[in-house]
Amino acid sequence: LDAATGAELGDDSRISDMGGLGNTSYVAHDPFVVYNSVHHTYLVVWWGTDDSGALVAGEREIFGQLLAGADAAEIGTDFRVSDMGVDGDPLSTAWYPAAAYNATDDELLVCWEGDDAAPSANTDQEIYCQRLDGATGAEIGANDFRVSDMGPDLSSTFAAQEPAVAWASGPDEYLIVWWGDDDTAPLVSGEDEIFAQRLAGASGIEVGANDFRVSDMGPNGNG
């Protein structure tokens with residue numbers, strides 16, 4: 001769209017290629033777009049189901065596509081970002097991606113809600129992230145590193161969901177926020193609040209307090 005008027009430029013263009021054409025078993029959902037101000041490109045990320053490699057129908061993972069800033073032409077092909085659980089297990093999921101561009105370190109951070117538990121466990125939704133090279137979209141640093149720690153591990157009672165990500169240029173840090181259910185006293189099961197985690201921009205390493213609470217809705221202990 002024209003930035004000044006909102007008028008359409010060019011035609012609609014398809015970005016994702018999940019599975020084969022005409023096959024309703026493979027889908028792409030909930031896109032998120034971030035602009036790279038250094039290379040003048042866009043990164044579009046989404047959760048989808050694909051038949052590439054050992055993936056099977058219903059196995060949700062995060063995928064991405066780079067687009068040229070001038071005309072939104074695809075750069076390369078769809079690429080996979082997340083690796084939740086083992087390939088071939090539809091209960092190991094990744095969804096609701098969010099992303100931010102870090103102009104200081106020329107990299108992107110993609111975060112999502114995922115279940116990285118043992119095959120077919122489907123018990124523990126937490127927030128995971130992946131750093132990507134700003135120019136190529138190639139993965140850098142630790143693979144699918146976990147950010148949130150809601151409740152005990154492998155517990156289906158507590159979860160972290162639907163992250164949002166921002167980058168601050170001054171301290172070169174990311175802030176990741178999510179809504180979650182935690183058992184840290186005085187909170188109880190079913191009491192959803194907003195939590196956050198700071199990450200160093202150059203490394204993705206956690207900075208400051210772990211999973212600090214942002215919101216205070218109603219009295220503590222009231223689910």
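Conventions used here
- Residues numbered from 1 in each chain as written.
- Predicted model: local features only at pLDDT ≥ 70, side-chain atom pairs only at ≥ 80, totals over all residues.
- Heavy atoms only, no water.
- Core = buried A, V, L, I, M, F, W, Y, C linked by side-chain atoms within 4.5 Å.
- Buried < 20%, exposed > 50% of the residue type's maximum accessible area, 1.4 Å probe, protein only.
- Helix = DSSP H or I, 4+ residues; strand = E, 2+ residues; numbered from the N terminus.
- Contact = heavy atoms within 4.5 Å.
- Pairing = 2+ DSSP bridges.
- Axes fitted to C-alpha atoms, helices over the stretch in contact; angles between N-to-C directions.
- Phe/Tyr/Trp six-rings, centres within 6.5 Å; stacked < 30°, edge-to-face > 60°.
- Polar contact = N/O pair within 3.5 Å; in protein donor to acceptor, adjacent residues only side chain to side chain.
- Salt bridge = Lys/Arg side-chain N within 4 Å of Asp/Glu carboxyl O.

(A) The arrangement of the nonpolar core in detail. In terms of nonpolar packing, the biggest core is built from 18 residues, with Leu43, Ile62, Val110 and Trp112 touching the most fellow members. Among the elements of the structure, strand S2 (41-49), strand S3 (60-68), strand S5 (94-102), strand S6 (107-115) and strand S7 (125-133) are those that each provide at least two residues to this core. Counting residues per element, this core draws most heavily on S5, at four residues. Here isoleucine 62 is in contact with Val45, Trp46, Trp47, Phe79, Arg80, Val81, Ser82, Ala94, Trp95, Pro97, Val110 and Trp112, once residues within four sequence places are set aside. Counting residues in each nonpolar core, the second largest holds 17 residues, with Ala100, Ile127, Leu187 and Phe195 among its members.

(B) Focus on unusual backbone geometry. A cis amide bond links alanine 185 with the next residue in sequence, proline 186, at an omega value of 10°. Note that proline 186 resides in the loop between strand S10 (173-181) and strand S11 (192-200). Of note in the backbone geometry, aspartate 30 takes a positive phi value of approximately 50° without being a glycine. Take aspartate 30: it is sitting in strand S1 (residues 28-36). Since its relative accessible area comes to 37%, aspartate 30 is described here as partly exposed. Phi angles above zero are rare outside glycine, and aspartate 106 is one such case at about 50°. Structurally, the position occupied by aspartate 106 is in the loop between S5 and S6.

(C) Spatial organisation of the environment of valine 33. Secondary-structure assignment places valine 33 in strand S1. Between the alpha carbons of valine 33 and leucine 43 there is a distance of 5.7 Å; along the sequence they are 10 residues apart. Setting aside its immediate chain neighbours within four residues, valine 33 contacts Tyr42, Leu43 and Val44.

(D) How the structure looks around the sheet that holds strand S12 (residues 206-213). Pairing in this open sheet of four strands is antiparallel, and the strands run S9-S10-S11-S12 from one edge to the other. The sheet is open, and its two edges are formed by strand S9 (159-168) and S12, each paired on a single side. Sheet twist, expressed as the average angle between the axes of neighbouring strands with direction ignored, equals 15°. In the sheet, S10 pairs with S11 via nine bridges, with the strands oriented antiparallel. Opposite aspartate 181, over in S11, you have aspartate 192 as the bridge partner.

(E) Representation of the sheet that holds S2 within the structure. Sheet architecture is open: four strands sit in the order S1-S2-S3-S4, paired in antiparallel fashion. Two strands in the sheet have a free side with no partner beyond their single neighbour: S1 and strand S4 (74-80). Sheet twist, expressed as the mean angle between neighbouring strand axes with direction ignored, is 20°. Note: S2 against S3, nine bridges, orientation antiparallel. Note that in S3 the partner of tyrosine 42 across the bridge is leucine 67.

(F) Representation of the pairing of S2 in the model. Here S2 lies mainly inside the structure; eight of its nine residues are buried. For S1 and S2, the ladder comprises seven bridges, and the chain directions are antiparallel. From the neighbouring strand, phenylalanine 32 faces S2, where its bridge partner is valine 45. Where S1 hands over to S2, the hairpin turn is made up of four residues, of which histidine 40 adopts a positive phi near 55°.

(G) Representation of the packing of aromatic side chains. This model, assessed by the stated rule, comprises three aromatic pairs. Three or more aromatic residues joined by ring pairs form one cluster here, namely Trp47, Trp95 and Tyr96.

(H) Representation of the environment of glutamate 59. Within the fold, glutamate 59 resides in the loop between S2 and S3. For the pair formed by glutamate 59 and alanine 94, sequence separation is 35 residues and the distance between their alpha carbons is 8.5 Å. Separated by 2.9 Å, the side chain of glutamate 59 and the backbone nitrogen of glycine 88 make a polar contact.

(I) Seen up close, the pattern of salt bridges. Per the counting criterion, the structure on display carries 11 salt bridges. With its nearest N and O atoms 2.8 Å apart, the salt bridge here joins arginine 146 to aspartate 153. For arginine 146, a relative accessible area of 26% corresponds to the partly exposed category.

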